[in-house]
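Each chain, letter by letter, is given below.
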Amino acid sequence: MPGATLETEQLPLFDNQGAPDLRKLRDRAGLLIMSAQATNTRRAYAFDWKDFSSWCRDAGRHPLPASPDTLKLYLVSQLELHAVSTAE
């Protein structure tokens, strides 16, 4: 997951039978996250992120963390190009 930090995993000192398989849990979490949204939704989010980050680069702004001013300016720039319903 973008932006997520993983905790350092420790090697077990003793036989760790019954401990959860963290790799399997991570794989399952990834599948659940991917299935929570339709393919077209993920595609649209990816396009929007690329557009926003490109705008930030051109404007000399940081996309993460985006300041309220950066978001405001981006939205205004979108309203100059698109109808309000598209920007929503």
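To be clear, the structure that these remarks concern was listed above.
This structure is a prediction, so every number in the text was calculated from the model and none was measured. Sequence positions are assigned chain by chain, starting from 1 and proceeding in written order. Only residues with pLDDT of 70 or above have their local features reported here, since the model is predicted, and side-chain atom pairs are shown and tallied only from 80 upward, although totals for entire chains, interfaces and linings are computed over all residues. Hydrogens and water molecules were not included; the side-chain quantities draw on all heavy atoms of the structure.

1. Considerations on the overall build of the protein
Inference 1: Secondary structure is summarised from DSSP: a helix means a run of H or I of at least four residues, a strand means a run of E of at least two, and numbering begins at the N terminus for each. Within the protein one finds four helices and zero strands.
Inference 2: Sequence-ordered secondary structure for the protein, helices as α and strands as β, is α-α-α-α.
Inference 3: Taken over 88 residues, the protein has a buried fraction of 7%.
Inference 4: Contacts are residue-level and defined by heavy atoms, with any inter-residue pair within 4.5 Å sufficient. Excluding contacts between residues fewer than 6 apart, the proportion of contacts in the protein whose partners are at least 24 apart in sequence is 10%.
Inference 5: The method behind every accessible area is Shrake-Rupley, applied with a 1.4 Å probe, and residues are considered shielded solely by the protein chains displayed. Surface summary for the protein: the accessible area is close to 8000 Å², and the carbon and sulfur share equals 59%. Only protein chains enter the accessibility calculation, which uses a 1.4 Å probe. A residue is then buried if its area is under 20% of the maximum for its type, exposed if over 50%, and partly exposed in between.

2. Some words on the environment of Leu-73
Inference 1: Positionally, Leu-73 belongs in helix α3 (residues 68–81).
Inference 2: Overall, the relative accessible area of 36% leaves Leu-73 in the partly exposed class.
Inference 3: Separated by 18 residues in sequence, Leu-73 and Trp-55 have C-alpha atoms that sit 10.0 Å apart.
Inference 4: Once you skip the residues sitting within four places of it in the chain, Leu-73 turns out to touch Trp-55 and Arg-61.

3. Overview of α3
Inference 1: To estimate the expected span of a helix, count its residues, drop one, and scale the result by 1.5 Å. Compared with the 20 Å implied by 1.5 Å per residue over 14 residues, the 20 Å span of α3 between its first and last C-alpha is a close match.
Inference 2: If you check which residues of α3 are buried, you get Thr-70, Tyr-74, Ser-77 and Gln-78. All buried residues of α3 project into a common sector of 100° when viewed along the axis, lining one side. More than 90 degrees from the buried face of α3, the exposed residues found are Pro-68 and Glu-80. In this context, the arc is that of the directions from the helix axis out to the C-beta atoms.

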